[in-house]
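Commentary on secondary and tertiary structure
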Amino acid sequence: MPSQRPEEIGHGHVVERYVSRTYGGLPRYLVLNSSRFLSPRWRHTTRFTRHLLDDAATITDEELRALLGYEWRSRLTAAWLIGVDRRERFRTRIGDLLLASEVCYSGGAYCFALARFGTVADAEILTAYLDHYLARTDLYYDQTAALGALLRLDDRLGTAHARRFTRPDGLWDQWVEGVGRLGRPSPTPAEARRWTDLQCDFADAWTPS
């Protein structure tokens, strides 16, 4: 999926307005990526959250498409805005970007958006991602975020898509063992689920059901 600068399609304002706006000297994309806003001890949390909700509600679909067509900072921010506002019409685009895994850092935001959409279709996208990327024990991409999102969806939907990944000696254990040899962390399924819950519970608490 080729990248295109927003100004080339008449949306040169979107990066400054939605991606690089600062809070405590930190740009929005960096706050989202670090999840600093999840801590009530961060003194900018309330202001940051209110602005995020406002932008999620008012950003146009065209502006979101411009952000999704650019680099990782813009894609990460767009996915968060889409997830917060539950714009399910972006499901296919989000799924395609997740499966392509072209750029760093944004995959976790795609998983957040799919978890927020909350349907079987989203679970199927996450399942397809895990089928492909858990087999790649040489890659530490967004497998943890995808499993966490899928576990949350299974719980909400009463399904069991994640079960075949998490059974003993299944694909999850094999992937954890493989990336462990690379010196990477070895999260448990419960730890993966906890992080998704923190993000989605934050969004649920601030947005109407």
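**A look at the nonpolar core**
The biggest cluster of nonpolar side chains holds 61 residues, and the ones touching the most others in it are Trp80 and Leu126. Excluding residues that lie within four positions of it along the chain, Leu126 makes contacts with Leu98, Cys111, Leu114, Ala146, Ala149, Leu150 and Leu153.

**Quick word on the packing of aromatic side chains**
The geometry of two aromatic rings is summed up by the distance between their centres and the angle between their planes. Summed over all chains, the structure comprises 12 aromatic pairs. Ring geometry for Phe37 against Phe202: centres 4.9 Å apart, planes inclined by 65°, an arrangement best described as edge-to-face. Here the residue Phe37 occupies a position in the loop between α2 (28-34) and α3 (45-58), and Phe202 occupies one in helix α12 (residues 189-206), the gap between them amounting to 165 residues. For the pair Phe37 and Phe202, one class covers both residues: buried.

**Here's the deal with helix α6 (residues 91-100)**
Buried residues of α6: Arg91, Ile94, Gly95, Leu97 and Leu98, and no others. Seen along its axis, α6 keeps its buried residues to an arc of 165°; they face one direction. Considering only its buried residues, α6 is in contact with α4 (61-68), α5 (72-85), α7 (107-117) and α8 (120-133).

**What to know about the pattern of salt bridges**
If you walk through the whole model with that rule in mind, you get 20 salt bridges. Notably, a salt bridge pairs Arg91 with Asp122, separated by 2.6 Å at the nearest N-O pair. A residue pair is termed long-range when its members are at least 10 positions apart, and Arg91 in helix α6 and Asp122 in helix α8 qualify at 31 residues. Relative accessible area serves as the criterion here: at 17%, Arg91 is assigned to the buried category. Residue classification places Asp122 among the buried positions, given a relative accessible area of 0%. It is possible to trace a salt-bridge network through shared partners that takes in Arg86, Arg116, Arg152, Asp155, Arg156, Arg193, Asp197, Asp201 and Asp204.

**Details of unusual backbone geometry**
If a residue is not glycine, its phi is most likely negative; likewise, a peptide bond is most likely trans. One non-glycine residue, Ser35, lies in the positive phi region at around 60°. You can see Ser35 is positioned in the loop between α2 and α3. Positive phi, normally seen in glycine, also occurs at Asp169, with a value near 65°. Relative to the assigned elements, Asp169 resides in the loop between α10 (163-166) and α11 (171-180). A residue is classified by how much of its surface remains accessible, and Asp169, at 64% relative accessible area, is exposed.

**Considering the environment of His51**
With respect to the element layout, His51 can be found in helix α3. In this structure the C-alpha to C-alpha distance between His51 and Arg28, which are 23 residues apart in sequence, comes to 10.0 Å. If we ignore the near neighbours within four places in the chain, the residues touching His51 are Arg21, Tyr23 and Arg28. Among the polar contacts listed, one links the side chain of His51 to the side chain of Arg21, at a separation of 3.3 Å.

**Some remarks on the environment of Arg152**
The topology assignment puts Arg152 in helix α9 (residues 143-157). Taking the C-alpha atoms as reference, Arg152 lies 7.2 Å from Asp197; in sequence the two are 45 residues apart. Setting aside residues up to four positions removed in sequence, Arg152 forms contacts with Arg193, Thr196, Asp197, Cys200, Asp201 and Asp204. Of the polar contacts made by the side chain of Arg152, one reaches the side chain of Asp201; its length is 3.2 Å.

The rules behind the values
- Residues numbered from 1 in each chain as written.
- Predicted model: local features only at pLDDT ≥ 70, side-chain atom pairs only at ≥ 80, totals over all residues.
- Heavy atoms only, no water.
- Core = buried A, V, L, I, M, F, W, Y, C linked by side-chain atoms within 4.5 Å.
- Buried < 20%, exposed > 50% of the residue type's maximum accessible area, 1.4 Å probe, protein only.
- Contact = heavy atoms within 4.5 Å.
- Phe/Tyr/Trp six-rings, centres within 6.5 Å; stacked < 30°, edge-to-face > 60°.
- Helix = DSSP H or I, 4+ residues; strand = E, 2+ residues; numbered from the N terminus.
- Arc of directions from axis to C-beta.
- Salt bridge = Lys/Arg side-chain N within 4 Å of Asp/Glu carboxyl O.
- Polar contact = N/O pair within 3.5 Å; in protein donor to acceptor, adjacent residues only side chain to side chain.

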